[in-house]
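So the chains spell out like this:
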Amino acid sequence: MAGIPVPTRRAAANRRAPALIQGLRSGDTFAHLITLFCAASVLLLTVALVFELYVNSTTAQHKFGLRFLTGRTWDPVSGEFGALPFVYGTLVTSALALLVAVPLGVGAAIFLSELAPPRISNALTFVIELLAAVPSVIYGLLGIFITAPFLRQYGEPFLKRTLGFLPLFQGPMYGVGMLAAGFVLAIMVVPFVISLSREVLMAVPVDQREAALGLGATKWESTWQVVVPYARLGIMASIFLALARALGETMAVTMVIGNDPRISSSLFAPGYSIAAVIANEFAEATADLHLQALIELGLVLFALTIVINGLARIVIISTTQKGSRQ
Amino acid sequence: MKKLSNPAIIIVSAALVLTSLVAFHSSASNAAPVPTPETVMLTGAGATFPYPIYSKWFSDYNKIHPDIQINYQSIGSGAGIRQLLSGTVDFGASDAPMNDEQLGQAKIKILHFPTVLGAVVPTYNILGVSQELNFPGEVLAGIYLGRITKWNDPEIIKYNEGVNLPAQDIVVVHRSDGSGTSYVWTDYLSKVFIEWGTKVGRNTSVNWPVGLGGKGNEGVAGLVKQTPGAIGYVELIYAVQNKLPYGRVRNAAGVFVKGDLAGVTAAAAGYAKVIPEDFRISITNAPGETAYPIASFTYLLIPTKIQDANKKEIIKGFLAWMLHDGQKEAEPLSYAPLPKEVVAKELKQISQIQ
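How each quantity is defined
- Residues numbered from 1 in each chain as written.
- Chains lettered and ligands numbered in written order.
- Predicted model: local features only at pLDDT ≥ 70, side-chain atom pairs only at ≥ 80, totals over all residues.
- Helix = DSSP H or I, 4+ residues; strand = E, 2+ residues; numbered from the N terminus.
- Buried ≥ 20, exposed ≤ 12 C-beta atoms within 10 Å, placed from the backbone.
- Contact = placed C-beta atoms within 7 Å.
- Domains from an automatic or database assignment.
- Nonpolar A, V, L, I, M, F, W, Y, C, P; charged D, E, K, R; others polar.
- Pairing = 2+ DSSP bridges.
- pLDDT = per-residue confidence, 0-100.
- Axes fitted to C-alpha atoms, helices over the stretch in contact; angles between N-to-C directions.
- Left-handed = near helix turned anticlockwise from the far one by under 90°.
- Expected span 1.5 Å × (residues − 1).
- Arc of directions from axis to C-beta.
- Core = buried A, V, L, I, M, F, W, Y, C linked by C-beta atoms within 7 Å.
- Right-handed = clockwise from strand over helix to strand, strands pointing away.

Description of the overall build of chain B
Of regular secondary structure, chain B possesses 13 helices and eleven strands. Classification of the 354 residues of chain B by burial places 49% in the buried group. Residue pairs at least 24 apart in sequence account for 71% of intrachain contacts in chain B once pairs closer than 6 positions are excluded.

Thoughts on the overall build of chain A
Looking only at helices and strands, one finds 15 helices and two strands in chain A. Seen along its three principal axes, the alpha-carbon backbone of chain A occupies a region of about 70 × 60 × 35 Å. Per-residue burial over chain A gives 39% buried out of 326 residues. Considering only residue pairs separated by 6 or more positions, chain A has 74% of its internal contacts joining residues 24 or more positions apart.

Description of the domain arrangement of chain B
Residues and elements named next belong to chain B. As far as domains go, chain B holds domain 1 (40-118 + 295-352) and domain 2 (119-259). Spacing between the C-alpha centres of domain 1 and domain 2 amounts to 30 Å. Every element with two or more residues in the side of domain 1 that touches domain 2 is listed here: α3 (77-85), β4 (110-125) and β11 (295-303). The class makeup of the residues in the side of domain 1 that touches domain 2 is seven nonpolar, five polar and one charged.

Considerations on the sheet that holds strand β5 (residues 134-135) of chain B
All names here are of chain B. Spatial strand order, β5-β9-β10: three strands in an open sheet with mixed pairing. Strand pairing shows two members of the sheet lacking a second neighbour, β5 and β10 (256-258), which therefore form its edges. Alignment of β5 against strand β9 (residues 248-250), held across two bridges, turns out to be parallel. Directly across from asparagine 134, in β9, lies its bridge partner arginine 248.

Quick word on the confidence of the model for chain B
All names here are of chain B. Looking at chain B as a whole, the pLDDT averages 87, with 90% of positions reaching at least 70. Of all helices and strands in chain B, the one with the weakest mean pLDDT is helix α1 (residues 6-30) (49), whereas β5 scores best (96). Contacts for the low-pLDDT stretch residues 17-35, under 50 throughout, to residues beyond four places or in other chains number six contacts. Confidence estimates for the predicted assembly give a pTM of 0.82 and an ipTM of 0.79.

A closer look at the sheet that holds strand β1 (residues 40-46) of chain B
Residue and element names in this part refer to chain B. Ordered by their spatial adjacency, eight strands build an open sheet running β2-β1-β3-β11-β4-β8-β6-β7, and the pairing between neighbours is mixed. Sheet topology places β2 (68-73) and β7 (212-214) at the edges, where each strand pairs with a single neighbour. Strand-to-strand twist in this sheet, taken as the mean axis angle between neighbours without regard to direction, amounts to 25°. Pairing geometry for strand β3 (residues 91-94) and β11, over three bridges, is antiparallel. Bridging from a neighbouring strand, alanine 93 pairs with leucine 300 of β11.

Quick look at the packing of helix α6 (residues 84-115) of chain A against helix α9 (residues 178-202) of chain A
Residue and element names in this part refer to chain A. Contact pair α6 / α9: the axes reach a minimum separation of 6 Å and the direction vectors enclose 35°. Once α6 is placed against α9, the crossing between them reads as right-handed. Of the residues assigned to the contact of α6 with α9, the class counts are 23 nonpolar, seven polar and two charged.

A look at helix α2 (residues 51-64) of chain B
Residues and elements named next belong to chain B. Along its 14 residues, α2 runs 20 Å from first to last C-alpha, staying within 8% of the 20 Å computed at 1.5 Å per residue. Three or more residues of α2 are buried, namely Ile53, Tyr54 and Trp57. End-on view of α2: buried residues confined to an arc of 100°, all on one side of the axis. Among the exposed residues of α2, those pointing more than 90 degrees away from its buried face are Ser59 and Lys63. Contacts from the buried residues of α2 go to β2, β4 and α12 (309-328).

Side note on the nonpolar core
Residues A:Val189, A:Val193 and A:Val256 are the most contacted members of the largest nonpolar core, which totals 179 residues. Lining this core are residues from two domains, each supplying at least three of them: domain 1 (40-118 + 295-352) and domain 2 (119-259) of chain B. A:Val256 has contacts with A:Gly140, A:Gly143, A:Ile144, A:Thr147, A:Ala148, A:Val176, A:Ala180, A:Ala181 and A:Val184, leaving out every residue within four places of it along the chain.

Concerning the pairing of β3(B)
All names here are of chain B. Judged by which residues are buried, β3 turns out to be covered on both faces: Phe91 and Ala93 on one side and Gly92 and Ser94 on the other are all buried. In terms of strand pairing, β1 meets β3 through three bridges, oriented parallel. Residue pairing for β3: alanine 45 is matched across the bridge by glycine 92.

Concerning the pairing of β2(B)
All names here are of chain B. Only one face of β2 is covered, namely the one carrying Ile68, Ile70 and Tyr72; the face carrying Gln69, Asn71 and Gln73 has none of its residues buried. Sheet topology places β1 next to β2; six bridges connect them, and they run parallel. Of the residues in β2, the one forming a bridge with valine 40 is isoleucine 68. In terms of handedness, the path from β1 via α2 over to β2 forms a crossover that is right-handed.

A word on unusual backbone geometry
Residue and element names in this part refer to chain B. A positive phi angle, close to 50°, is found at lysine 243, a residue other than glycine. Mapped onto the secondary structure, lysine 243 falls in the loop between α10 (236-241) and β9. In this structure, serine 334 is a non-glycine residue whose phi angle is positive, near 70°. Along the polypeptide, serine 334 turns up in the loop between α12 and α13 (340-349). Judged by local crowding, serine 334 falls into the partly exposed class, with 19 C-beta atoms found within 10 Å.

Quick look at the structure:
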């Protein structure tokens, strides 16, 4: 991440003052410094963020140690704090969201970039980009008024009837809960998947398609076996961006997840996510330890994001190598 | 500048960013909005529950005294207390009184001034039941502990004869955000049901044994409205303004009382004789036939020593005005006004501000 390649010419210019002035006059050095400044500020922000989170949660870290990550109790009255139910809720809802959003999003992107007439494609893309700009509280309202009642009346009873032998689909049906949160998140992240995937699919060189068609492939064979594999890195990037958004989403999740810090095997059950509990309890947390535990949760979410991003990179690197070997 | 390695350049520019941020910060605080020289600005922060009446008070006071402007940020009681302790605001506001630990952290002694009263009512959504239900405290505690799980439980039927209660599962709904409303609710349950006190306790957020969490009064009300068989608790004002059905609660005298402003004021009056000098008292489960049992004060938190003589006089003047004229504005906004006894006591406390 860190480090912007400095052209060797630049380094040479730095050695001689007249050259530096020359560079400044031409604007190159100036632009270089400004962009460097911007990049450095991003790095600094990240470092400052981690530092603040770390420093402001030291008491909680000392008190709970690793127990914080494995604890299942969140009791502000007795001062016992464990993050596990929140980590679980965050991961499960995000995974659910991707499970729904990825096939839907990639499918839509393939249609829009490869199969749809340009006029329809452009119109739909405009609508999708509009969706990406809708504030999350609106999605939360959508969840409360449409998704949750629908799930309670039709969705969950149906799942219970058909897949009720799985522990995932058992227990009382409230409508709100992990399933509802997963669905609302899916709706929220699908525009990102579509929009980005469509861009990368459209960036696949025409030669590739023409070559495939020239070899006698059908339109679909060329799309599925040539264009999509060519664009898979970009598609994966879009999925990880969607995942990042799902992990950190606060408002919409807290409105439909049920806000109950318990680990339940059922997707019907209410749960809680890290971002949601921080938003809910931060303003009224009067005890020091409570506040620190919430800040430490922020640190955990940060670490979770880094771990998932790291895994994502490993996936990308490994598939790239496989691709180049073929 | 000779051949700097990339990391070094980044660190140097990072430092530059930092210094510029610091510089910006200090210049920003210097350049805080400076109104006309004669206007005095006060800032306060805290509880969200009394925000509607506080903003009305501060704007009315500004009309009477155009040179005084009081800004109030409703950022939550906990955050208000923290800001007061760190000295970033002139006064704080909280639904629950500050505890000893917090008062111990204060560099200057802090006074509690009750301003108005609030109450919390149980609201529910039961198939085919439109009557007002009666709830003794132990039944509410039993429901919220997850022990009473059906609406036709004998415990509930006992106090609601003649109501056709269905064999429907009870869905418990509570606040998910930390809130003074939850504090009052859990404080009441702790008082009337010992096991609640030992197992769950009282706080702005607690470890709920059962139930779904909704964000804010509107979140709880929304969940209750949508979920058949649900019970939740909301602020009295919210229930009245949104015409939610809500039940009667049994008070300490054994009478089932429906939450209203008179009953809330009566609860405070019932405790008037025993209110301590610092006003830090819970008035849930108050004595008196008419007292509504789930009620509480909401407070302004004022430091005893105010350096700026000008600000000191303004705060004193405002408090006196709030206790006289301000109280008359409470009822139209659905807040219960303070009982006379409490007002008299508070007027005496004003002289402690120096």
